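What follows is the residue order along each chain.
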Amino acid sequence: MPKAISYTKGSIIYFEGDIADRVFILQKGHANLTTTDVETRLQTSEQIKQGEFFGVKSAIGHFPREETVMTLDDVVCISMTAQEFEVMFSNNKPLIMKMLRVFSNQLRLIHKKTESVMNNTEKFNQMDGLFSVAKAFYNDEKWQSCEDVCKTYLKLYPTEANNKELKEMLLKSSAYVKKGISSADAVEETASTTEGTSIKMFELPAFKRFQKTYENGQVIITEFERGETFYLIQNGTVQLTKCINDSNKNLDILKPGEFFGEMAILDNTPRSATCVARGHVECLEFNKANFEMLITGNPQLALLLLKIFCKRIYDQKRRLRILVISDPQARIADVFCMYDEMNPQSSNADRRRKFVITEQDVIHWSGLQQNTVKDELKRFVVSRKIEMFENYMIINNIADMRRIVESRTESKR
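As the structure is a prediction and not an experimental result, all values here were calculated from the model. (Residues numbered from 1 in each chain as written. Predicted model: local features only at pLDDT ≥ 70, side-chain atom pairs only at ≥ 80, totals over all residues. Heavy atoms only, no water.)

Is there a simple way to explain the overall build of the protein in this structure?
Scanning the protein for helices and strands turns up 13 helices and 17 strands. Relative to the compact-globule value of 22 Å for 413 residues, the protein shows a C-alpha radius of gyration of 23 Å, a close match. Buried residues in the protein amount to 49% of all 413 residues. When contacts within the protein are restricted to residue pairs at least 6 apart in sequence, those whose partners lie at least 24 apart make up 76%. Summing over all exposed atoms, the protein offers an accessible surface of approximately 20500 Å²; the carbon and sulfur share of this is 49%. Side-chain charges in the protein split into 57 positive and 55 negative, and the spacing between the mean points of these groups amounts to 0 Å. (Helix = DSSP H or I, 4+ residues; strand = E, 2+ residues; numbered from the N terminus. Rg over C-alpha atoms; globule rule 2.2 N^0.38 Å. Buried < 20%, exposed > 50% of the residue type's maximum accessible area, 1.4 Å probe, protein only. Contact = heavy atoms within 4.5 Å. Areas by Shrake-Rupley, 256 points an atom, 1.4 Å probe, with all protein chains shown as cover. Lys, Arg positive; Asp, Glu negative; His and termini not counted. Charge placed at Lys NZ, Arg CZ, Asp CG, Glu CD.)

Just checking my understanding: could you explain the sheet that holds strand 16 (residues 386-388) for this structure?
Adjacent strands of a sheet pair through backbone hydrogen bonds, lying either parallel or antiparallel. Here we have three strands laid out as an open sheet, ordered 15-17-16, and antiparallel in their pairing. Unpaired on one side and paired on the other, strand 15 (353-355) and strand 16 mark the two borders of the sheet. Across this sheet, the average inter-strand angle for adjacent strands is 15°, counted without regard to direction. With respect to the sheet, helix 10 (residues 328-342) is in contact with strand 15, strand 16 and strand 17 (393-395), its orientation differing from that of strand 15 by roughly 95°. (Pairing = 2+ DSSP bridges. Axes fitted to C-alpha atoms, helices over the stretch in contact; angles between N-to-C directions.)

How do you make sense of unusual backbone geometry when you look at a structure like this?
Note on backbone geometry: most residues besides glycine have negative phi, and most peptide bonds are trans. Positive phi is not limited to glycine here, since Glu 141 has a value of about 60°. By the secondary structure assignment, Glu 141 is in the loop between helix 4 (126-139) and helix 5 (143-156). The exposure class of Glu 141 is partly exposed, given its relative accessible area of 45%.

Please explain the sheet that holds strand 8 (residues 75-81) as it appears in this structure.
The sheet built from four strands is open, its strands ordered 1-8-3-6 with antiparallel pairing. One side of each edge strand has no neighbouring strand; the edge strands of this open sheet are strand 1 (3-7) and strand 6 (53-54). Two strands pair when backbone bridges link them, and strand 3 (residues 22-28) and strand 8 are joined in this way by six bridges, in the antiparallel orientation. Note on strand 8: the bridge partner recorded for Leu 26 is Cys 77. On top of the sheet, helix 2 (residues 82-90) reaches strand 3, strand 6 and strand 8; it is set at about 90° to strand 8, its chief contact.

I tried to follow the nonpolar core on my own but got confused; where do I start?
Within soluble globular proteins, side chains that are nonpolar generally end up buried alongside one another. Counting 43 residues, the largest nonpolar core has Phe 85, Phe 89 and Ile 295 as its most contacted members. Among the elements that take part in this core, helix 9 (residues 299-323) stands out by supplying 10 residues, more than any other. Residues within four places of Phe 85 in sequence aside, it is in contact with Val 23, Phe 53, Val 56, Ile 60, Met 80, Met 99 and Leu 306. Formed by 26 residues, the second largest nonpolar core is a distinct cluster that contains Ile 322, Cys 337, Phe 355 and Leu 377. (Core = buried A, V, L, I, M, F, W, Y, C linked by side-chain atoms within 4.5 Å.)

Just to check I follow, could you spell out the pairing of strand 5 (residues 43-48) for this structure?
A regular strand places its side chains on the two faces of the sheet in alternate fashion. Bridging between strand 4 (residues 31-36) and strand 5 involves six bridges; their strand directions are antiparallel. Residue pairing in the sheet places Thr 34 in a bridge with Ser 45 of strand 5. Here strand 4 hands over to strand 5 after six residues, with Arg 41 in that stretch at a positive phi of 65°.

Looking at this structure, how should I read the packing of aromatic side chains?
Aromatic ring pairs are described here by two measures, namely the spacing of the ring centres and the angle between the planes. Here the structure, examined in full by the defined rule, presents 18 aromatic pairs. The interplanar angle of 10° and the centroid separation of 5.1 Å between the aromatic rings of Tyr 231 and Phe 260 together place this pair among those described as stacked. Taken as a pair, Tyr 231 in strand 11 (residues 229-244) and Phe 260 in strand 13 (residues 259-260) lie far apart in primary sequence, 29 residues in all. Each member of the pair Tyr 231 and Phe 260 is classed as buried. (Phe/Tyr/Trp six-rings, centres within 6.5 Å; stacked < 30°, edge-to-face > 60°.)

Explanation requested: empty space enclosed by the protein in the structure shown.
Taking a probe equal in size to a water molecule and rolling it over the atoms shows the remaining empty space. The full count for this structure, using the stated rule, is one cavity of 30 Å³ or more. Forming the boundary of the largest cavity are 18 residues, of which Leu 240, Met 263, Ser 272, Ala 273 and Arg 312 lie nearest the centre. The set of elements that each furnish at least two residues to the lining of the largest cavity consists of helix 3 (93-117), strand 12 (247-254), helix 7 (262-267) and helix 9. Within the lining of the largest cavity, the residues separate by chemical class into nine nonpolar, four polar and five charged. (1 Å grid on protein atoms, 1.4 Å probe; cavity = no way out; pocket = protein on both sides within 12 Å on 5 of 7 lines; lining within 4 Å. Points joined across faces, edges and corners; volume = space filled by probe spheres on them. Nonpolar A, V, L, I, M, F, W, Y, C, P; charged D, E, K, R; others polar.)

Whenever I open this one, the packing of helix 2 against helix 3 confuses me. Can you help?
In helix packing, the relevant descriptors are the interaxial angle and the interaxial distance, both defined with respect to the helix axes. Packing of helix 2 against helix 3 brings their axes to within 7 Å, and their N-to-C directions diverge by 110°. As far as their axial angle goes, helix 3 and helix 2 are roughly perpendicular. Here Phe 85, Met 88, Phe 89 and Ser 90 of helix 2 lie close against helix 3, whose contacting residues are Leu 95, Ile 96 and Met 99. Split into classes, the residues belonging to the contact of helix 2 with helix 3 amount to six nonpolar, one polar and no charged. (Parallel < 35°, antiparallel > 145°, perpendicular 65-115°, else oblique.)

Teacher, can you tell me more about the pattern of salt bridges here?
As enumerated under the stated definition, the model contains 18 salt bridges in all. Here Glu 341 and Arg 318 are joined by a salt bridge, their closest N and O atoms 2.7 Å apart. Within this pair, whereas Glu 341 is found in helix 10, its partner Arg 318 is found in helix 9, the two being separated by 23 residues in sequence. On the accessibility criterion, Arg 318 (4% relative accessible area) is buried. For Glu 376, the salt bridge goes to Arg 379, with nearest N and O atoms at 2.9 Å. Here the residue Glu 376 and the residue Arg 379 both occupy positions in helix 12 (residues 370-382), the gap between them amounting to three residues, near one helical turn. Overall, Arg 379 belongs to the partly exposed group, its relative accessible area being 46%. Overlapping salt bridges bring together Lys 57, Glu 66 and Lys 317 as one network. (Salt bridge = Lys/Arg side-chain N within 4 Å of Asp/Glu carboxyl O.)

What is the right way to look at the side chain of Glu 376 in this model?
With relative accessibility at 10%, the residue Glu 376 sits in the buried group. Look past the residues within four positions of Glu 376 in its chain and what remains in contact with it is Pro 328, Gln 329 and Ile 332.

Here you go:
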């Protein structure tokens, strides 16, 4: 049962880095929430208002606390377990939509910060933005993806059909696609359902009319276009990319049971990323009109979406920590540290790690140029810190990677 807890002035309700499953509501008094900025390493404070929830993301996402909460005077909080919060959340429609919008906005702010860190200073309108995405796929020789974005561009701006550069991109990409050359990244693995029980409700015949299928390299939604639909992946994986300085950068890879496209629905803004099928993909497409009815009418679905937001926020903040490291070797070492956190070992006695990661993955996660990554990985191999194979790498001592990150980042502060 939720219970009221009293704290005296100056008390710490919890510290940044704590592991706990409790959610709080500030009922009486005043409290400050202090976080460490990922980029500047400076602390920022925000006062919690009475009636506000805090500690939600870490509790239901099972992540370390991201902030320290200290009372400014005598305070009373309602404390509940993650399970008790989930029951309250599922039975409160206004709370469902409010929390989803809050988390959607937090994720969008992290995306903007990531763009800033990656020196993306360009501000596009929809037409120029769509063109830049198409050109990035064209430059990467991703012909299927380029063709799809060009067609989206012309659907929205038919008067641009005589645009010389666009015509060249569309003609060339379409010719390659007709020849069966999509140049999309090869996908060998078969994705397993990460949230199997949560999507069983969508296997009913009533949902067949929402089903869409896509093949490798096909664009499902395009960055900068208006958001009218969102998707639930049933089979396959979907790559999220963002156009930064005329190049498409990897944001995430989504698996069965995950949603995408919901951010534009929640805050009525243009798409913040491009979503591309990796291999054969089956998903359900829902529209903006039935989003709120679907979410509020299915508490299990709403809770799943909230947990997905928690994970995405945590994952994107973790990636941002990599991108703010100026030293390239330390940045790559932190990619390995991130993989270690994503695949926790039952025992720390053995520090040798095997990660299913390729050179291309390191390029994506580190945000570094290909030549820089090649050189740094070669140095790791020569010093026998890692062993590289076609589809995986072995880190001989993960503690070495942590030491590199700590020593190089501390020296920059």
